[in-house]
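# Inside the fold
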Amino acid sequence: MNTLQVFAAPLGRFLIAIIFFLSGVTKITQYAGTQGYMEAMGVPGALLPLVIITEIIGGVAIIIGWKTRYAAIALAGFSVLAAVFFHSDFSNQAEMISFMKNLAIAGGFLMLFANGPGSYAMDNRINKKDE
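Residues numbered from 1 in each chain as written. Predicted model: local features only at pLDDT ≥ 70, side-chain atom pairs only at ≥ 80, totals over all residues. Heavy atoms only, no water.

## Section: the packing of helix H3 (residues 48–64) against helix H4 (residues 68–86)
Two elements in contact, H3 and H4, have axes separated by 9 Å at closest approach and are oriented at 135 degrees. It follows that H3 is oblique to H4 by the angle criterion. Note on packing geometry: the crossing formed by H3 with H4 is left-handed. The residues of H4 that touch H3, namely those facing Val-51, Thr-54, Glu-55, Gly-58, Gly-59, Ala-61 and Ile-62, are Thr-68, Ala-71, Ala-72, Leu-75 and Phe-78. (Axes fitted to C-alpha atoms, helices over the stretch in contact; angles between N-to-C directions. Helix = DSSP H or I, 4+ residues; strand = E, 2+ residues; numbered from the N terminus. Parallel < 35°, antiparallel > 145°, perpendicular 65-115°, else oblique. Left-handed = near helix turned anticlockwise from the far one by under 90°. Contact = heavy atoms within 4.5 Å.)

## Some points on the packing of H4 against helix H5 (residues 93–115)
Their axes nearest at 8 Å, the elements H4 and H5 cross at an angle of 165 degrees. When the interaxial angle is binned, H4 and H5 end up roughly antiparallel. Crossing handedness for the pair H4 and H5: left-handed. Contacts between H4 and H5 involve Thr-68, Arg-69, Ala-72, Ile-73, Leu-75, Ala-76, Ser-79, Val-80, Ala-82, Ala-83, Val-84 and Phe-86 from the former and Glu-95, Phe-99, Asn-102, Leu-103, Ile-105, Ala-106, Phe-109, Leu-110, Leu-112, Phe-113, Ala-114 and Asn-115 from the latter. Per-class residue counts for the contact of H4 with H5 are 18 nonpolar, four polar and two charged. (Nonpolar A, V, L, I, M, F, W, Y, C, P; charged D, E, K, R; others polar.)

## Structural notes on the UniProt feature "transmembrane region" (unreviewed entry) in the protein
Taking the UniProt record as the reference, the feature "transmembrane region" (unreviewed entry) is found at residues 6–25, 46–64, 70–90 and 102–122. With 100% helix and 0% strand, residues 6–25 has its two end C-alpha atoms placed 29 Å apart. (UniProt positions renumbered as here; feature names shortened; annotations may be inferred.)

## Notes on H5
For H5, with 23 residues, the first-to-last C-alpha span of 33 Å sits near the 33 Å given by 1.5 Å per residue. Looking at the buried side of H5, the elements it contacts are helix H1 (3–29), H3 and H4. Residue Gly-116 follows H5 closely and has a positive phi angle near 85 degrees. (Expected span 1.5 Å × (residues − 1).)

## Some thoughts on unusual backbone geometry
One non-glycine residue, Lys-67, adopts positive backbone phi at about 50 degrees. Mapping Lys-67 onto the fold places it in the loop between H3 and H4. The class for Lys-67 is partly exposed, based on a relative accessible area of 42%. (Buried < 20%, exposed > 50% of the residue type's maximum accessible area, 1.4 Å probe, protein only.)

## Details of the side chain of Thr-68
By secondary structure assignment, the location of Thr-68 is in helix H4. Since its relative accessible area comes to 0%, Thr-68 is described here as buried. Among the polar contacts listed, one links the side chain of Thr-68 to the backbone oxygen of Gly-65, at a separation of 3.2 Å. In this structure the side chain of Thr-68 is engaged in a polar contact, spanning 2.8 Å, whose partner is the side chain of Asp-123. Beyond its immediate chain neighbours, meaning those up to four positions away, Thr-68 contacts Ala-61, Ile-62, Leu-112, Pro-117 and Asp-123. (Polar contact = N/O pair within 3.5 Å; in protein donor to acceptor, adjacent residues only side chain to side chain.)

## Notes on the side chain of Ser-119
Mapping Ser-119 onto the fold places it in the loop between H5 and helix H6 (122–130). Polar side-chain contacts of Ser-119 include one of 2.2 Å to the backbone oxygen of Val-6. In this structure, Ser-119 is in contact with Gln-5, Val-6, Phe-7, Ala-9, Pro-10, Arg-13 and Asn-124, ignoring residues within four places of it in sequence.

## Notes on the environment of Phe-85
Looking at the secondary structure, you find Phe-85 in helix H4. The class of Phe-85 is partly exposed, set by a relative accessible area of 44%.

The structure is reproduced here in structure tokens:
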């Protein structure tokens, strides 16, 4: 494996997951507004704590490469659900782009699920201890 490949995995994990971590933090600071938006879209606002936990813990898990496959499959499903519930107004070009963006992110997470975290991941350290 060359140097570029070694650093591509942790950088890729960071780039795909940072949006979830930051979004989760933003939802905490704008809790009432986010809850109202969810309810306006037909999603129970009571689910917001679960959404925040999923985004923050899932995002951090992907970034550090901990329980990567579990976090990746969870965030892939989360991305698809968000696309369907919040971005399915295909008459609006911005919503169509957001829908496709969410599907692309889900695809990236499915690649992580299939191939594992790559280099510089906590999963690799944990697996070495088990051997």
